[in-house]
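Structural overview
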Amino acid sequence: MNPITYLKIVLEMIKKNFLVLVRSRSSALVILLGPFFIIFLIGAAFNTSNLHGIRVGIYAAEQNEILDQITQSLKDNDFTVMPASTEQECVDLVKSGGVHLCISFPGTLSKEAIAREIIFHVDYSKINLVFTILNVITGEVEDISTDLSVEYTK
């Protein structure tokens, strides 16, 4: 047999199977819509765009205006902010699952402080939260920096 004959036989088999499939509406719906339904279920299960209910612990040695602005910004973005009295308490809250993320601010976070570090303590299973909250804090710090630049140039 030559290859053309095999091709004709395969095409006839596909045509026959397609006609059998279309004859029964329920099987046609399952075959055509089944994969879309499975994709929808998997997409719903792994949806990570919902950030409501994220609990953030905050430790700061000193309370000041800039820290209040950052805290308010986190609250405005639907994060639950829980203050901690010590840095170790904040870390323990992450370990126990009380908060998803702990942010430790430096001793003095003021307009005069130039180089300060903000330390994130996070459960390794929630590491992607750091980048989301970092974007929120970065936006807030950029706003504060712009305000200070305008104030200093005046």
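Further up the page is the structure itself.
In this report, we go over the structure that sits alongside the text. Predicted model, so just to flag it, every value in this text is computed and none were measured. (Residues numbered from 1 in each chain as written. Predicted model: local features only at pLDDT ≥ 70, side-chain atom pairs only at ≥ 80, totals over all residues. Heavy atoms only, no water.)

**Quick word on the overall build of the protein chain**
A tally of helices and strands in the protein chain yields five helices and four strands. Counting from the amino terminus, the protein chain carries its helices and strands in the arrangement α-α-β-α-β-α-β-β-α. Across the 154 residues that make up the protein chain, the buried fraction comes to 25%. A separation of at least 24 residues holds for 64% of the contacts in the protein chain among residues at least 6 apart in sequence. Just so you have it, the protein chain exposes about 11,100 Å², and 62% of that area is on carbon and sulfur atoms. (Helix = DSSP H or I, 4+ residues; strand = E, 2+ residues; numbered from the N terminus. Buried < 20%, exposed > 50% of the residue type's maximum accessible area, 1.4 Å probe, protein only. Contact = heavy atoms within 4.5 Å. Areas by Shrake-Rupley, 256 points an atom, 1.4 Å probe, with all protein chains shown as cover.)

**Observations concerning helix α4 (residues 87-96)**
Listed in full, the buried residues belonging to α4 are Cys90, Val91 and Val94. Down the axis of α4, the sector holding all buried residues measures 95°, keeping them to one side. Exposed and oriented more than 90 degrees from the buried face of α4 are Lys95 and Ser96. On its buried face, α4 is in contact with β1 (54-60), β3 (101-105) and β4 (119-122). Taken from the residues just after α4, Gly97 is the one with a positive phi, measuring 90°. (Arc of directions from axis to C-beta.)

**Quick notes on the pairing of β3**
Buried residues dominate β3, accounting for five of its five residues. Burial of the side chains of β3 extends over both faces: Leu101, Ile103 and Phe105 are buried on one face and Cys102 and Ser104 on the other. Pairing analysis gives five bridges linking β1 to β3, with the strands arranged parallel. Bridging from a neighbouring strand, Ile58 pairs with Ile103 of β3. Relative to β4, β3 is paired through four bridges, and the arrangement is antiparallel. (Pairing = 2+ DSSP bridges.)

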